[in-house]
Amino acid sequence: MVQYTQMKSVVTATCLLLVSVPALAARVDVPSLPPSPYADTEAATNIPLRVNAAALQSLTLSVSFGSCETNEVLVAIGADGDGDGDLSLDEAALAYGCDCGAWYRADLRTGAASAADGSGLSIGRDEFDPSWNLVKVIRRGLAEVGESVSVDVEKVRFDIRIR
Amino acid sequence: MDWHLLGNGVVIFECALILAWFSRIGVKGLRKLPVPVLIAFLSLASGTSIVAQKTNGVNSLPPMPLRSAPVVETVSEDDVSRGWRVESVATNETVSYTMPPGAVHVGNWHVHGARSSFGNNIIDFGSAGTPRPTGWSFPLGTNSAAFSSFWYFVDGRIRPTPKDAAHEICAVGVPMSAVPGKSRLWAMADGDCRVLTWENFFLGGDTNAPVNAQIRLSPNGDFTTSSNEVKTICRRVNPDDWDGDGIPNPDDANPMFCDGDFFGPANVLPEGANTNAYCTVSVVATGPDSLITFAGDGPSNYPDPCFIAKSGVTNEVIILIGKTYQVSSDFPVSFVGASDPATEIVPLRGSVTRVCRPVEITCSGDNPFTVSVFPANLNGSFLWNASNCCSIVASDGVFEFQCLSDCGCGGCNATGSYRYEGYGMSFLGNGCGCNHNQANVASLSFSASPIAILFEPEHAEANGLTVPRRSTFSRLACDVSNVDCGMVTIYDVSGTAGHLKFHLSTVDGMVVSLPYSCQVDGDVAIVLFAEGVSHGMTTNDIRIAAVYESADDVLGEEVALTVMEISTRTRSGHPNRQRKTLGVGEEVMFSWKPRLWDVVSVDDIVVSYDEYAIGTPHFATSLVHTVSHGGASLPFDFSVVEPQELSAVSVSASTNGPSKVAGDFVGFITISVLPSNVSFEAIQVKELGAVATNVFGYFSGMDDILDHGNKGANKWHGIGWHEYEDMVSISQVPPPWDQGGHFTWPITNAWRVTTDMAKHFPHRQKYDQTFELDPDGTVRIRKMGYVIQRNTNDVLTVVQEEE
């Protein structure tokens, strides 16, 4: 386990998303979340996703967020249909995150949402849509909240880790 | 930055969105507003708000026996697809967005604010399976779908599911920003309604003009959206009656009664229809969207098409072969083709076109005879109307007259009807000589030339002399056949021959006085000439009768008849022999004087009237009815008009209740259906029920009385001549009255000929009925230019409003 700490301001916080495929020994460093241009402090970034669906066993989104009780972070995955590099609501398929202390997962295609635990969102091979090519990370919350992100390496062929 | 100007701009932008919304849903009148008016409308955004006063204790008000009428809001395709329509938009409403005690704080928006709209943003009003299921649900869409939870977004929208844009409800619709520590979302139950409120947001990055938004959902599918002072009331589109006209969708879909539910013709043939009996014509609305009505000349299984044609779109319209349609439209249309080249498309007048693919029916042979139809594959059958003496029987496609032994003379010309696809086409069958069935029965007949015209009016001749009104020199022929030796006597049975003189044929050249008798030996023709002025000074009032008396003193048959006078007389209301403009469904009598082919005994030479009536079509048209006899014909031209509008003629009022109270009076409005120069006795009128608008004060929330449909609307009323009485009333209005109040039933009317379906008046005129309560208890009803008012001092007045 690798532990990262600190982040004094949400607005200036950075987030690291690591994508690793153990079999290929690949790792992707996710750029830091940009400063929020909005008064509600929302910050978001998009990470291109290239997955060999044929070789995929499962894909796990793992999020650890220290200030989950008063803030929100979520990861959404889907297909960037218009190719603008941003995963819009209409393009997103699944979302997973922590909202004011409650972990949830939501299927944005059907509107079905359910409680989840913080162990991550595992997407099986059958559930994964080969057209999915974009992951979006969103964080909201007031400034001056401490947070930490832990990255777990799961025993799967493909991991996405957020810092 | 000038924050004030930016704030105003934001609010004006909201109004612009609302206007755009109006345009999208097809509020045609708004589209037609001139630009300055639209600008003025936008300026309302900065207008002063009025504190909407809410009433208390309204639940104690007894049901009010209100009556009158209602609205037909035509829905658009978008309305139908999403399941609701905008009923009204107010720009000066005051709505409280502050979270009241008992509301549920959904969350502070600094967390839940989501410009990207992602997140677990679900508001649940008690779905099954939740910790506290309430059973509450909100029907949305023109199906059976109902929802207990919604996904919400930061810009004041909710959806049943995140991506279900088709069923989105939007209070703002433009990006809003949450303010850390200030913006919040709250929800609450308000009676049967559920309220979701976005409190204290900013549009975009502007922090100077706070925006609030609220969506109030009613379990009946109605809802209200509010944003600052803009309040929009939306009504559910009834899944069973999309346009709310009281006619179920299946009937609305019936093209005869379509009034906005559909674009383009239905083109649905009845089950089991013979497709060979139908063809199509192509029509295009060359101007704006247009209502196109095909009015056929009789009923059929396939109803007459009527539909709204979208501008520029070619509509293939199915018509029944052989049926004649008068096609009318409210905007220009053009016929651009027909599937059957034999189709006749003939412009008549104005925007009316006659369309028909003719059917030819031909009789061959005398007796028996055959009938052929072209086109031949219509699969119809023949029906024969009873003639004066014969019936027609069919055998293996051959028809034969079968006459009674006492069949009179003149022959039989039975009319037949060729029926297919529920449609009947009349034709005249071959005549038969029935006399061969009569042994030793004399036959007498008269003919006249010129028939029916026996006088010429007063006129000036070339020499300057004025010739008085006089009869022309008309030839009358009396033919006597199938007789043995006997006597023929000719009578003048008019009794008022006046100055008429009768001559025998020019061979005889003698003036005779009637009765005139002559001995005959076998068949004979006696020719008389009449000249002079008829005593009655009326048209064609010469009446001649002939009697044959056989030599063996056995009375023969007598033919009493002569020149026919044909007249018309309107049958309903005030009989009128001159009027040729008729109301829809009105009956007009055609009279002969004297009776044609009248067979009477020699001792009973009675000339009587004979007449028949025809009913006019149930739609506006020009009508020519031709009466033919003896080779001559006399056409009568009629114009048939539909009701155009309503006008209050007089108003009276009364009250029989306790004194010193508010309300409790009845008004009676005598309403004339215009035009007033025809009879509309055949039609019925009803007011179409709608929910009240302009609701204020005392009457707010009194849903029972606000729905006109619950208070006397949607009921048909008969018409006497062209007037009927409308009753308006209000029950006692209990105090307190200090806040006053008012509401208006939007009223349009429909009419029908009794057995038909409803039709709108041509311009869908509004005859709104307004109820008003003053703070001193004065109550008044306004309708059709009249005001009925009762003060609490029992003074009841009726006044006509100034134009």
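(A) Summary view of the overall build of chain A. Each helix and strand counted, chain A has 0 helices and 13 strands in total. Mapped from its N terminus to its C terminus, chain A presents α and β elements in the order β-β-β-β-β-β-β-β-β-β-β-β-β. Taking all 163 residues of chain A together, the buried fraction comes to 40%. Considering only contacts in chain A between residues 6 or more positions apart, those separated by 24 or more positions represent 67%.

(B) Up close: the overall build of chain B. A count of helices and strands for chain B gives 7 helices and 61 strands. By sequence separation, contacts in chain B at least 24 residues apart represent 68% of the contacts at least 6 residues apart.

(C) How the structure looks around the sheet that holds strand β3 (residues 122–124) of chain B. What the 4 strands build is an open sheet, ordered β3-β6-β7-β8 (chain B); its pairing is antiparallel. Since the sheet does not close on itself, it has two edges, and those belong to β3 and β8 (169–170) of chain B, each with one partner.

(D) Examining the environment of Asp304(B) more closely. With respect to the helices and strands, Asp304(B) occurs in the loop between β16 (290–296) and β17 (306–309). Taking the C-alpha atoms as reference, Asp304(B) lies 8.2 Å from Tyr325(B); in sequence the two are 21 residues apart.

(E) Spatial organisation of the sheet that holds strand β59 (residues 779–783) of chain B. Residue and element names in this part refer to chain B. Taken in spatial order, the 6 strands line up as β52-β55-β58-β59-β60-β61 in an open sheet, and their pairing is antiparallel. Edge positions in the open sheet fall to β52 (693–697) and β61 (796–800), since each of these has one partner strand only. The sheet shows a mean angle of 15 degrees between the axes of neighbouring strands, direction not considered. In this sheet, strand β55 (residues 741–745) lies alongside β52 in antiparallel orientation, the contact comprising 3 bridges. From the neighbouring strand, Phe696 faces β55, where its bridge partner is His742.

(F) Representation of the confidence of the model for chain A in the model. Residues and elements named next belong to chain A. Averaged over every residue, the pLDDT of chain A is 67; residues scoring 70 or more account for 60%. Least confident of the elements in chain A is strand β1 (residues 2–4), whose mean pLDDT is 29; most confident is strand β8 (residues 102–107), at 89. Taken together, the stretch residues 1–29 has pLDDT below 50 and engages in 70 contacts with residues farther than four places along the chain or on a different chain.

(G) Representation of the nonpolar core. Residue and element names in this part refer to chain B. Counting residues in each nonpolar core, the largest one holds 45 residues, and the members touching the most others are Phe680, Ile683, Ala692, Leu706, Ile730 and Phe743. Ranked by residues supplied to this core, first place goes to strand β50 (residues 663–674) with 5 residues. No fewer than three residues from each of domain 4 (442–628) and domain 5 (645–800) sit in this core. Leave out the neighbours within four places in its chain, and Ala692 touches Leu706, His708, Phe743, Thr744 and Trp745. Core analysis: the next-biggest nonpolar cluster, separate from the first, contains 32 residues, Ala171, Leu185, Ala213 and Phe223 among them.

(H) Representation of the environment of Ser290(B) in the model. All names here are of chain B. Within the secondary structure layout, Ser290 lies in strand β16. With 22 C-beta atoms packed within 10 Å, Ser290 lands in the buried category. Residues Ser290 and Ser311 lie 21 residues apart in sequence; the distance between their C-alpha atoms is 7.2 Å. If we skip the residues at most four places from it in the chain, Ser290 touches Ala285, Ala309, Ser329, Asp330, Phe331 and Val333.

(I) Seen up close, unusual backbone geometry. Residues and elements named next belong to chain B. For the bond from Leu674 to Pro675, the omega torsion is 5 degrees, close enough to zero to count as cis. Examined against the element boundaries, Pro675 turns out to sit in the loop between β50 and β51 (683–688). Backbone torsion omega between Pro735 and Pro736 reads 5 degrees, so that peptide bond is classified as cis. Relative to the helices and strands, Pro736 resides in the loop between β54 (723–732) and β55. Non-glycine residue Asn379 carries a positive phi angle of around 60 degrees. Structurally, Asn379 is set in the loop between β24 (369–374) and β25 (381–384). Phi angles above zero are rare outside glycine, and Trp721 is one such case at about 55 degrees. With respect to the helices and strands, the residue Trp721 is situated in the loop between β53 (717–718) and β54.

(J) Quick look at the environment of Ile526(B). Residues and elements named next belong to chain B. As for its position among the elements, Ile526 is in strand β39 (residues 524–532). Separated by 46 residues in the primary sequence, Ile526 and Val480 have C-alpha atoms spaced 8.1 Å apart. Aside from chain neighbours lying at most four places away, what touches Ile526 is Cys478, Val488, Ile490 and Cys518.

(K) Geometry of the confidence of the model for chain B. Residue and element names in this part refer to chain B. Model confidence for chain B is summarised by a mean pLDDT of 73, while 66% of its residues fall at 70 or above. Note on residues 1–73: pLDDT under 50 across the span, and 136 contacts to partners over four residues away in sequence or across chains. Between residues 629–633, whose pLDDT stays under 50, and residues either more than four places distant or in other chains, the model counts 10 contacts. Note on the complex model: pTM 0.41, ipTM 0.77.

Conventions and cut-offs
Residues numbered from 1 in each chain as written. Chains lettered and ligands numbered in written order. Predicted model: local features only at pLDDT ≥ 70, side-chain atom pairs only at ≥ 80, totals over all residues. Helix = DSSP H or I, 4+ residues; strand = E, 2+ residues; numbered from the N terminus. Buried ≥ 20, exposed ≤ 12 C-beta atoms within 10 Å, placed from the backbone. Contact = placed C-beta atoms within 7 Å. Pairing = 2+ DSSP bridges. Axes fitted to C-alpha atoms, helices over the stretch in contact; angles between N-to-C directions. pLDDT = per-residue confidence, 0-100. Core = buried A, V, L, I, M, F, W, Y, C linked by C-beta atoms within 7 Å. Domains from an automatic or database assignment.

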